[in-house]
Structures are given as C-alpha cells and as structure tokens.
Amino acid sequence: GAVVSQHPSRVICKSGTSVKIECRSLDFQATTMFWYRQFPKQSLMLMATSNEGSKATYEQGVEKDKFLINHASLTLSTLTVASAHPEDSSFYICSARELPRQSTDTQYFGPGTRLTVL
Amino acid sequence: RKEVEQDPGPFNVPEGATVAFNCTYSNSASQSFFWYRQDCRKEPKLLMSVYSSGNEDGRFTAQLNRASQYISLLIRDSKLSDSATYLCVVNVGSARQLTFGSGTQLTVLP
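Computed from a predicted structure; not experimentally measured.

Colleague: Got a minute to help me understand the pattern of salt bridges in this structure?
Modeller: Here the idea is simple: oppositely charged side chains can pair when their charged atoms come close. Residue and element names in this part refer to chain B. All told, the structure shown has seven salt bridges over all chains when counted by the stated rule. When the shortest N-O distance is used, the salt bridge between Glu-43 and Lys-45 registers 3.0 Å. Taking relative accessible area as the criterion, Glu-43 reaches 12% and is therefore assigned buried. Accessibility expressed as a relative area gives 47% for Lys-45, which makes it partly exposed.

Dropping the structure here:
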C-alpha cells in the first residue's frame, strides 16, 4: 500500500517552543491531507483538512493561529504547533488521500508524532 | 450523541475464540465504512472496508446494515496477534472526512 511518513516521530520540548511536524506521501500524490490528534485512551479527533494550494479547513474548537498548516506541494503538508504548552502534548497523526483513482476513499496514515511539552 | 459509537470493551478472550464488535453511526448520509486496528502507540491501519453486502477477509467478517446504521466486525479463531484496539470509522461529508469511534480494546489471552 501507499506510504506516508512523518517527521519527527517524537518531540520533547519546553513550554513556549514552536514545533513543526512534516507529513509526506512517499509514493503517491495527495491533494488532501488530514491532521488528527489523539490523547491517551481516546480516539483520533480530526483537527483540520489540508488541501494543496489552499487554506486548511479547521474543525470546530481548533485554533488556526495555534495549529498552522501549510500544504505547499502534492506530497508535503506541515503542522506547526505555535508556542506549545503542556496541554498540547498528544499524539499527532496525519493521513493522506491519494488523487482520485477509481473511487477509493482510502486514507493512508503516517506513523504519528508524539509531542511532549514540559 | 456521538457520531460513531462502539462497544466500550475491553474484550479479553482466549485464543481460538470468536469475538464480535458492534458499532452504530448517527449520520444517515455516511457513505463509506471501515474497520481499522490500532496497536499501542502506533498509527491506525486499515483492516477492511465494509460493504452493504457484507464482506469477509480470512478470519474477519464485516457487516453493514444501512437501515439500522449499524456495522459489525466478527473475528473467528482469535490469535494473540489480534490484540489491538479496533476502530469503527465512517466517511461523512463532501470533504470525505473520516470520523472515528472511540475504539474497542481486544486482548487475546494464551
């Protein structure tokens, strides 16, 4: 299946630091990428939908000025957590949907980035 | 009401057992349905899509009842390696976003 990578896999930082997470589709082009957050023992919650070349669409309750998303190419989307605080500590996962082919809705998930803010 | 609701679990079953997970969804406009599995501290991985006619993949059988807005997953002859959290996932809306259930944890015991 298609491969999505995320970098870094783990971040430990001090409060107030900005953290950038990259999501790449390695062997396919993705017009749409999704960013999720998962707190311990909870399910994935969609934060935003990232479309190549346009502004991201944020879910209700997600601050767009705090979680900055850039989708500059068909293979790369970045999420920047601005001025991270301990409550932002979570598992951040991206997924990518391949350019329409047949009628697949399959999303491919990256391995996730575990953020710990001290 | 949550958009996707699952059995709370956890399920602890012996090897070889048959286990069934249930899931209901609230949005009748939902278009696609999936079961994902997630291992501890890992990303979710697609287990199988769920079709109206029901579908089977080896030991795994998925069923969809659109009228009742109900999805199920049956695992036969459980293996130790089946231990994971199983996520019911529904694709809703024009943006084709995935909505995840809270997951059901399965532990297969030797």
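Colleague: Would you take a moment to explain unusual backbone geometry for this structure?
Modeller: Of all residues except glycine, most have a negative phi; of all peptide bonds, most are trans. Following A:His7, the chain continues into A:Pro8 via a peptide bond in cis, with omega recorded as 0°. Relative to the helices and strands, A:Pro8 resides in the loop between β1 (4–7) and β2 (10–13). Not every positive phi belongs to a glycine, and B:Arg41 is a case in point at roughly 65°. For B:Arg41, the location among the structural elements is in the loop between β4 (32–38) and β5 (44–50). The phi angle at B:Gln69 is positive, at roughly 55°, despite the residue not being glycine.

Colleague: I would appreciate a short explanation of the nonpolar core in the present structure.
Modeller: Core analysis: the largest hydrophobic core is formed by 25 residues, its most contacted members being A:Val4, A:Trp35, A:Phe67, A:Leu79, A:Tyr92 and A:Leu115. Among the secondary structure elements, those contributing two or more residues to this core are β2, β3 (19–25), β4 (30–38), β5 (45–51), β7 (67–73), β8 (76–81), β9 (90–98) and β11 (113–117) of chain A. Residues B:Tyr25, B:Val50, B:Leu73 and B:Tyr86 belong to the second largest nonpolar core, which totals 24 residues.

Colleague: Got a minute to help me understand the interface of chain B and chain A in this structure?
Modeller: Accessible area lost when the parts come together is the quantity often used to give the size of an interface. With 18 residues of chain B at the interface, the matching set in chain A holds 19 residues. In total, about 1500 Å² of surface goes out of reach between chain B and chain A, with carbon and sulfur atoms giving 49% of it. Summed over the three residues of chain B that lose the most area to chain A, namely B:Arg41, B:Glu43 and B:Gln97, the buried surface amounts to 32% of that side. Inspection of the chain B/chain A interface yields zero salt bridges. When contributions to the side of chain B that touches chain A are tallied by element, the ones reaching two or more residues are β4, β5, β9 (84–92) and β10 (97–100) of chain B. Per-element accounting of the side of chain B that touches chain A gives the leading share, four residues, to β4(B). Of the residues that constitute the side of chain B that touches chain A, the class distribution is eight nonpolar, six polar and four charged.

The rules behind the values
- Residues numbered from 1 in each chain as written.
- Chains lettered and ligands numbered in written order.
- Predicted model: local features only at pLDDT ≥ 70, side-chain atom pairs only at ≥ 80, totals over all residues.
- Heavy atoms only, no water.
- Salt bridge = Lys/Arg side-chain N within 4 Å of Asp/Glu carboxyl O.
- Buried < 20%, exposed > 50% of the residue type's maximum accessible area, 1.4 Å probe, protein only.
- Helix = DSSP H or I, 4+ residues; strand = E, 2+ residues; numbered from the N terminus.
- Core = buried A, V, L, I, M, F, W, Y, C linked by side-chain atoms within 4.5 Å.
- Contact = heavy atoms within 4.5 Å.
- Buried area = accessible area lost by both parts, 1.4 Å probe.
- Nonpolar A, V, L, I, M, F, W, Y, C, P; charged D, E, K, R; others polar.

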